Amino acid sequence: DQQVKQNSPSLSVQEGRISILNCDYTNSMFDYFLWYKKYPAEGPTFLISISSIKDKNEDGRFTVFLNKSAKHLSLHIVPSQPGDSAVYFCAQGYSGAGSYQLTFGKGTKLSVIP
Amino acid sequence: KAGVTQTPRYLIKTRGQQVTLSCSPISGHRSVSWYQQTPGQGLQFLFEYFSETQRNKGNFPGRFSGRQFSNSRSEMNVSTLELGDSALYLCASSLGASLSYEQYFGPGTRLTVT
């Protein structure tokens with residue numbers, strides 16, 4: 001059973017509009033959440049993170065919202081740009097006992113249409 | 001500063017063979033993690049090494065193994081290859097074994113098992 005779920009495999013958005021990517025999780029013990037972006041033929045690159053003590057974290061055009069009661073987080077990209085077209089992975093992190101582990105969702109492919 | 005490098009980038013093997021993949025982390029990084037990416041399962045955690053010790057292991061059979069050398073370079077080995085092992089294998093490095101350190105991914109090794 002998947003611990004981190006990205007239920008939308010793909011999303012298309014017009015340039016300049018808002019992109020909202022969603023992620024649900026089941027394990028509340030993991031208290032750190034991250035978003036990664038992946039272009040074809042490249043490894044994922046870190047985008048933004050949030051710890052469970054916060055409900056919002058913002059970095060430029062990217063904002064991540066965490067709703068702990070709903071076990072849901074979302075990534076907002078405003079305004080969306082064609083260069084944002086990529087696969088976005090949500091990840092939940094466990095850190096403890098001198099090690100860490102990330103559990104990833106299956107990804108959402110975002111296409112920003114010029 | 002050079003990024004994470006993975007060799008080889010592409011590999012074709014026959015079922016039943018074994019394979020060794022290599023990862024050179026960013027200079028100064030001591031933690032290396034390995035992930036398997038397939039279209040159906042997304043990114044799945046294989047194992048994490050820190051200072052030559054395996055700290056964490058994902059839910060993969062014993063055919064998947066790894067090691068880390070004193071210079072932090074890491075190798076992963078898959079024995080008795082199966083068709084289902086065809087995937088993109090990603091390596092990520094970070095300064096320390098904690099989620100407070102950002103993970104940097106390499107471009108991956110594309111393994112095809114025929």
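Use the structure listed above.
The sections below set out a description of the structure shown in this document. Bear in mind the structure is a predicted one, so any value in this text is a computation, not a measurement.

Conventions we followed
- Residues numbered from 1 in each chain as written.
- Chains lettered and ligands numbered in written order.
- Predicted model: local features only at pLDDT ≥ 70, side-chain atom pairs only at ≥ 80, totals over all residues.
- Heavy atoms only, no water.
- Patch = residues over 30% accessible without salt bridge, like charges linked within 9 Å, V, L, I, M, F, W, Y side chains within 5 Å.
- Areas by Shrake-Rupley, 256 points an atom, 1.4 Å probe, with all protein chains shown as cover.
- Salt bridge = Lys/Arg side-chain N within 4 Å of Asp/Glu carboxyl O.
- Helix = DSSP H or I, 4+ residues; strand = E, 2+ residues; numbered from the N terminus.
- Pairing = 2+ DSSP bridges.
- Phe/Tyr/Trp six-rings, centres within 6.5 Å; stacked < 30°, edge-to-face > 60°.
- Buried < 20%, exposed > 50% of the residue type's maximum accessible area, 1.4 Å probe, protein only.

What follows deals with a nonpolar patch on the surface. Side chains of Ile18, Ile20 and Val78 of chain A sit close together on the surface and give an oily, nonpolar patch of about 220 Å² of accessible area. Mapped onto the fold, Val78 of chain A is located in the loop between strand E8 (72-77) and strand E9 (86-96).

Bringing the sheet that holds E8 of chain A into the picture now. Residues and elements named next belong to chain A. Strands sit in the order E1-E3-E8-E7-E6 across an open sheet of five strands; the sheet is antiparallel. Of all strands in the sheet, those bounded by a partner on one side alone are strand E1 (4-5) and strand E6 (56-59). Here four bridges tie E6 to strand E7 (residues 62-67), and the two strands are oriented antiparallel to one another. Looking across to E7, one finds that Asn57 is bridged to Val64.

What follows is about unusual backbone geometry. A cis geometry characterises the amide bond from Val78 of chain A onward to Pro79 of chain A, with omega recorded as -15°. Looking at the secondary structure, you find Pro79 of chain A in the loop between E8 and E9. For the bond running from Thr7 of chain B to Pro8 of chain B, omega is -10°, close enough to zero to count as cis. Along the chain, Pro8 of chain B turns up in the loop between strand E1 (5-7) and strand E2 (10-13). In this model, Lys71 of chain A sits at a positive phi of 55°, which is unusual for a non-glycine residue. Following the sequence through the fold, Lys71 of chain A ends up in the loop between E7 and E8. The residue Ser72 of chain B is not glycine, and still its phi comes out positive at about 75°. Mapped onto the elements of the fold, Ser72 of chain B is located in the loop between strand E7 (64-68) and strand E8 (74-78).

This brings us to the packing of aromatic side chains. Enumeration over the complete set of coordinates arrives at 11 aromatic pairs over all chains. Ring geometry for Phe89 of chain A against Phe104 of chain A: centres 6.3 Å apart, planes inclined by 85°, an arrangement best described as edge-to-face. On the criterion of sequence distance, the pair formed by Phe89 of chain A in strand E9 and Phe104 of chain A in strand E10 (residues 99-104) is long-range, its members being 15 residues apart. With a relative accessible area of 2%, Phe104 of chain A lands in the buried category. Here the aromatic residues Tyr36, Phe46, Phe89 and Phe104 of chain A together with Tyr35, Phe45 and Phe105 of chain B are joined through ring pairs into a cluster of three or more.

Further remarks concern the pairing of E8 of chain B. All names here are of chain B. Counting buried positions along E8 gives five out of five residues, so the element sits mostly inside the fold. Residues of E8 alternate between two faces, with Ser74, Met76 and Val78 on one and Glu75 and Asn77 on the opposite face, all of them buried. Sheet topology places E7 next to E8; five bridges connect them, and they run antiparallel. Bridging across to E8, Phe64 finds its partner in Val78.

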